[in-house]
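Listed below, chain by chain, are the residues.
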Amino acid sequence: MSTYIEELAQRSPNFGFTWLKDPALEDADSLLPPEVIAQEIVEDLEAALGEFATIAEALQAARAKSAKS
């Protein structure tokens with residue numbers, strides 16, 4: 001596997017990823033502080049986890065209901 005990664009690195013040092021630059025973010029001082037960005041990510045992930053928990057509960061309830069039928 002490491003040979004494959006080495007081969008990719010030789011072909012393209014950035015592994016083929018291209019970063020899109022947002023011209024509005026040219027000024028690093030205008031960016032949110034890392035701790036704010038991290039907190040926003042945590043909040044988004046917690047919200048997504050809550051949604052998945054709701055889906056899982058609904059699926060379990062549906063399965064239990066169909067098992068009774």
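Now for a description of the structure that goes with this document. (Residues numbered from 1 in each chain as written. Predicted model: local features only at pLDDT ≥ 70, side-chain atom pairs only at ≥ 80, totals over all residues. Heavy atoms only, no water.)

Attention now moves to the overall build of the chain. If you tally the helices and strands in the chain, you get two helices and zero strands. Counting all 69 residues of the chain, 0% fall into the buried class. As displayed, the chain has an accessible area near 6,700 Å², and 63% of this comes from carbon and sulfur atoms. (Helix = DSSP H or I, 4+ residues; strand = E, 2+ residues; numbered from the N terminus. Buried < 20%, exposed > 50% of the residue type's maximum accessible area, 1.4 Å probe, protein only. Areas by Shrake-Rupley, 256 points an atom, 1.4 Å probe, with all protein chains shown as cover.)

Turning our eyes to something else, we now look at a nonpolar patch on the surface. On the surface, Leu-32, Val-36, Ile-37, Ile-41 and Leu-45 cluster together to form a nonpolar patch covering roughly 420 Å² of accessible area. Relative to the elements of secondary structure, Ile-41 occurs in helix H2 (residues 34-68). Given a relative accessible area of 45%, Ile-41 falls into the partly exposed group. (Patch = residues over 30% accessible without salt bridge, like charges linked within 9 Å, V, L, I, M, F, W, Y side chains within 5 Å. Salt bridge = Lys/Arg side-chain N within 4 Å of Asp/Glu carboxyl O.)

On the surface, Glu-40, Glu-43, Asp-44 and Glu-46 cluster together into a negatively charged patch. As for its position among the elements, Glu-43 is in helix H2. (Lys, Arg positive; Asp, Glu negative; His and termini not counted. Charge placed at Lys NZ, Arg CZ, Asp CG, Glu CD.)

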